[in-house]
Amino acid sequence: MTTLDGHPIDDRPGPATPPGAHDSRRREDAHARHEAVAALFDPVTRRHLDELGVGPGWRCWEIGAGGASVASWLAKKAGPTGKVLLTDSDVSWAEATDRQVETRTHRLGRDEPPGEGFDLVHARLALVHTPDRDRALRSMIRALRPGGRLLVEDADLALQPLVCPEESGPEQRLANRLRLGLRDLLAEHGVDLAYGRSLPRLLREAGLARVEADVYFPLAAEACGALEAATVRQAREALVAAGAATEEEIDRHLANVATGAMDLAATPLVSVRARRP
């Protein structure tokens, strides 16, 4: 079972899983998820960062959530006079990160900020599965210099709960039933399914200025299928254990996704930007 960005919630292999095979498959699925998330959401993130004015000399804290594509882009924008710090609870995946990017282990919501005086702090799909979201958000704001920019992007599963908004046949009905089962499991593990929409209010209440937000809702993109397949593969044991689906139903759904004939949606991404006064 995984969180929205592919971090494990429950990685217990089934009894028939050969030693090592489960971990290898999980890594492959996590990589597929990260690639799909980057394909879907990097253009949105880069647009917001451009509008915030990221440029040469900027000091940036990128909160990883399993991918380095945004950090590498920031490093090019900040140039040799800038700095990009990429943090995550596990940075073993960051070996191929741009040389201008410093990586550091950091547990968001538990550890103190890894520095202060940042021109930019950015987190995507990181807060929604953090146990102490309020503390994590405060630490991100505290790390900014006066006038520094904050960009927080997170999911809102309740805003559009279906993976097939047009439920036109049995394939779509099965897909939506699995998505609803996954939502129930995430809620049981402390994920706030409506967190994204609360971010503008939370940033205003924290005293930030120029709070602006938009929502991006991908539909019928190739990466939506890749993301759905990797998500379901990672969550299948938890879905079966919870009685949300059978092994046969999951195999049938994955085969349906592989045809490319369904119009699949990804979870809406709420992007909120603001400045520290």
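For the structure itself, consult the block above.
Residues numbered from 1 in each chain as written. Predicted model: local features only at pLDDT ≥ 70, side-chain atom pairs only at ≥ 80, totals over all residues. Heavy atoms only, no water.

Caption draft 1: Structural detail: unusual backbone geometry. One non-glycine residue, arginine 210, lies in positive phi territory at about 50°. Examined against the element boundaries, arginine 210 turns out to sit in strand β6 (residues 209–216). In this structure, alanine 220 takes a positive phi of about 65° despite not being glycine. Mapped onto the fold, alanine 220 is located in the loop between β6 and α6 (222–241). Given a relative accessible area of 47%, alanine 220 falls into the partly exposed group. (Helix = DSSP H or I, 4+ residues; strand = E, 2+ residues; numbered from the N terminus. Buried < 20%, exposed > 50% of the residue type's maximum accessible area, 1.4 Å probe, protein only.)

Caption draft 2: Summary view of the pairing of strand β1 (residues 59–63). Across the five residues that make up β1, a large majority, four, are buried. Here β1 pairs with strand β2 (residues 83–88) via five bridges, running parallel. By the bridge assignment, tryptophan 61 is partnered in β2 with leucine 85. Summarising the sheet, β1 and strand β4 (residues 118–124) pair through four bridges and their orientation is parallel. Considered in β4, the bridge of tryptophan 61 is made with valine 121. (Pairing = 2+ DSSP bridges.)

Caption draft 3: Layout of helix α5 (residues 195–205). All buried positions along α5 are accounted for by Tyr195, Gly196, Ser198, Leu199, Pro200, Leu202 and Leu203. The first or second residue beyond α5 is glycine 207, which carries a positive phi of 90°.

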